[in-house]
Amino acid sequence: MAMNLPSSRKGRRAPMAEINVTPLVDVMLVLLIIFMVTAPLLTTGVPVNLPDTRAKALDQDQEPVAVSLDAEGRLYVGDDEIAEAALPARLDAIRAAAKGAEPPQVYLRADKALGYGKVMRVMGELNRAGLNRVALVTVEG
């Protein structure tokens, strides 16, 4: 059985001059993941009280279109408030802008105080316009 005991020589042991960077890398990776998850949620400025869920964040390959419904039922595409009657034309313009390519991802943000029917009317319009890649945005909790 060999043991590594300090020697009784008069000479001192040389100090270890290597820095352990593993904890630094771990912290940086955690921060990177946090910023990657929270950045897509900070893209819109319409205040909406989102419901809680345990679902994970989605990967995105192109810039999504944000459709929001606030607590009073006002409708927003991006940061622009639009009337519900103008929604079909606006969605058709978004679909036409894709020019034959795959339609953009749509993030639907609806206040949790809204009724189911209001949200389903908007989802029906998205489906009619051919925007079928719809993600319902929630708060992880």
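Residues numbered from 1 in each chain as written. Predicted model: local features only at pLDDT ≥ 70, side-chain atom pairs only at ≥ 80, totals over all residues. Heavy atoms only, no water.

## Regarding the nonpolar core
Moving on, step 1. Among the nonpolar cores identified, the biggest contains 18 residues, and V67, L69, L75, L87, L91, V122 and L131 are the most heavily contacted of them.
Moving on, step 2. Residue contacts for L87: discarding those within four places in its chain leaves L75, V77, I82, V122 and E125. (Core = buried A, V, L, I, M, F, W, Y, C linked by side-chain atoms within 4.5 Å. Buried < 20%, exposed > 50% of the residue type's maximum accessible area, 1.4 Å probe, protein only. Contact = heavy atoms within 4.5 Å.)

## Details of the sheet that holds strand β6 (residues 134–136)
Moving on, step 1. Strand order in the open sheet formed by 5 strands is β4-β3-β2-β5-β6, and the pairing between neighbours is mixed. Looking at strand neighbours, the two that pair on one side only are β4 (80–82) and β6, the edges of this open sheet. Geometrically, the sheet is characterised by an average inter-axis angle of 25° between neighbouring strands, direction not taken into account.
Moving on, step 2. Inspection of the sheet shows strand β3 (residues 75–77) paired to β4 by 3 bridges, in the antiparallel sense. Opposite Y76, over in β4, you have E81 as the bridge partner.
Moving on, step 3. Lying over the sheet, helix α3 (residues 116–128) contacts β2 (65–69), β3, β5 (106–110) and β6, oriented at roughly 165° with respect to β5. (Pairing = 2+ DSSP bridges. Helix = DSSP H or I, 4+ residues; strand = E, 2+ residues; numbered from the N terminus. Axes fitted to C-alpha atoms, helices over the stretch in contact; angles between N-to-C directions.)

## Section: helix α2 (residues 87–97)
Spacing of three or four residues puts side chains on the same side of an α-helix, whose turn is 3.6 residues.
Moving on, step 1. Among the residues making up α2, those that are buried are L87, L91 and I94. The arc that holds the buried residues of α2, viewed along the axis, is 55°, so those residues lie on one side. Exposed residues lying more than 90 degrees from the buried face of α2 are A89, A96 and A97.
Moving on, step 2. Buried residues along α2 sit against β2, β3, β4 and α3.
Moving on, step 3. Downstream of α2 by one or two residues, K99 has phi in the positive range, about 55°. (Arc of directions from axis to C-beta.)

## Focus on the confidence of the model for the protein chain
Moving on, step 1. On average, residues of the protein chain score 81 in pLDDT, and 82% of them are at 70 or above.
Moving on, step 2. Within the protein chain, the lowest mean pLDDT, 74, falls on strand β7 (residues 139–140), and the highest, 92, falls on β3. (pLDDT = per-residue confidence, 0-100.)

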